[in-house]
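# Residue-level structure breakdown
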Amino acid sequence: MPVELMKNFYQTTSADAYIHMTIALHCAPFLKGIKHSALLVLKPEDARIMGKTLSRMNAKCKTMYRNREKIILLLYRETEMKAMLKEKTVAGFLKKYGYEEAENLDKILDFLINRFQSAYGKRKEFPHEIGAFLGYPIEDVEGFIENNGQNSLLTGYWKVYSNRERAEKMFQRYDEARELAICEVLEGKKFYEIAV
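Let me sum up the structure you'll find in this document. In this text the structure is predicted, and so the values were computed from the model without any measurement.

Glancing now at the sheet that holds strand 3 (residues 71-76). Sheet architecture is open: three strands sit in the order 1-3-2, paired in antiparallel fashion. Strands at the two margins of the open sheet, each flanked by one partner only, are strand 1 (37-42) and strand 2 (60-66). The sheet shows a mean angle of 25° between the axes of neighbouring strands, direction not considered. Direction of pairing for strand 2 relative to strand 3: antiparallel, over a ladder of six bridges. Opposite Arg66, over in strand 3, you have Ile71 as the bridge partner. In this fold helix 2 (residues 15-31) packs onto strand 1 and strand 3, with an angle of close to 170° to the strand it touches most, strand 1.

We now examine the nonpolar core. Counting residues in each nonpolar core, the largest one holds 28 residues, and the members touching the most others are Ile23 and Met50. For this core, the secondary structure elements donating two or more residues are helix 2, strand 1, helix 3 (48-53), strand 3 and helix 9 (164-186). Element by element, the count of residues in this core is highest for helix 2, at nine residues. Core analysis: the next-biggest nonpolar cluster, separate from the first, contains 24 residues, Leu85, Ile130, Ala132 and Val141 among them.

With that out of the way, let us pick up helix 4 (residues 78-86). Those residues of helix 4 lying buried are Met81, Met84 and Leu85. Relative to the axis of helix 4, the buried residues are bounded by an arc of 95° and lie together on one face. Turned more than 90 degrees away from the buried face of helix 4, the exposed residues are Thr79 and Lys86. Check the buried side of helix 4 and you find it contacts strand 1, strand 3, helix 5 (88-95), helix 6 (105-120) and helix 7 (130-133).

Here we take up unusual backbone geometry. Phi is positive for Asn148, close to 50°, though the residue is something other than glycine. By the secondary structure assignment, Asn148 is in the loop between helix 8 (138-146) and strand 4 (154-155). Residue Asn151 is not a glycine yet carries a positive backbone phi of 60°. Looking at where Asn151 falls in the secondary structure, it is placed in the loop between helix 8 and strand 4. Among the residues examined, Asn151 registers a relative accessible area of 63% and is labelled exposed.

What counts and what doesn't
- Residue positions are given per chain, counted from 1 along the sequence in the order it is written.
- Only residues with pLDDT of at least 70 get local features here, since the model is predicted, and only at 80 or more are side-chain atom pairs given and counted; chain-wide, interface and lining totals rely on the full set of residues.
- Heavy atoms from the whole structure form the basis of all side-chain values; hydrogens and water molecules are not counted.
- At least two bridges found by DSSP between two strands are what make those strands a pair.
- We count a stretch as a helix when DSSP gives it H or I for four or more residues in a row; a strand needs E for two or more, and each element gets its number in order from the N terminus.
- Note on geometry: axes are lines fitted to C-alpha atoms, helical ones only across the stretch in contact, with angles between N-to-C directions running from 0 to 180 degrees.
- The contact rule is simple, with two residues in contact once any of their heavy atoms fall within 4.5 Å.
- By nonpolar core is meant a set of buried Ala, Val, Leu, Ile, Met, Phe, Trp, Tyr and Cys residues that side-chain atoms within 4.5 Å join together.
- Burial classes: relative accessible area under 20% of the type maximum marks a residue as buried, over 50% as exposed, and values in between as partly exposed (1.4 Å probe, protein chains only).
- Throughout, the arc means the angular range of directions from the helix axis out to the C-beta atoms.

Shown next, in the form of structure tokens:
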């Protein structure tokens, strides 16, 4: 994507279009159905757009953290998130961090939110297990935790500690989704119109 094209877009666009582009940039793999979830950081006044549009996308949203400057949202597809949490390797990994094997997705996500908010309040260490909720390979989430974020084989959308080739292919898919999403927003579409 030419930098000049993006620069022109941001200089000449409305506040509403700016929000749609921001969401497309940060959530393209989620919008295009490659990922089941995404984290999104917005200004609190810009988050209003999410409530109005999530039902059009068959998606849900949880507020992970909020202050006067920003709001951090977890966007997810409920059915896919539940299926991921039932996977044996994911459930076993999360159990180490106090997550119960439960059918109640809200309860599991509330536990994650409490851990996330405690980290932002500087009372506890950041819950790096959030990578599992974002669909990163468990081996890479474990590798990140064990290595304190150092010694990765590759850094892209996440830090890779195993299976570099698989990650490179996934990064390529994410890049393609982002390119497509940006083009669609430049054509005047809203972020929820480009979601699959």
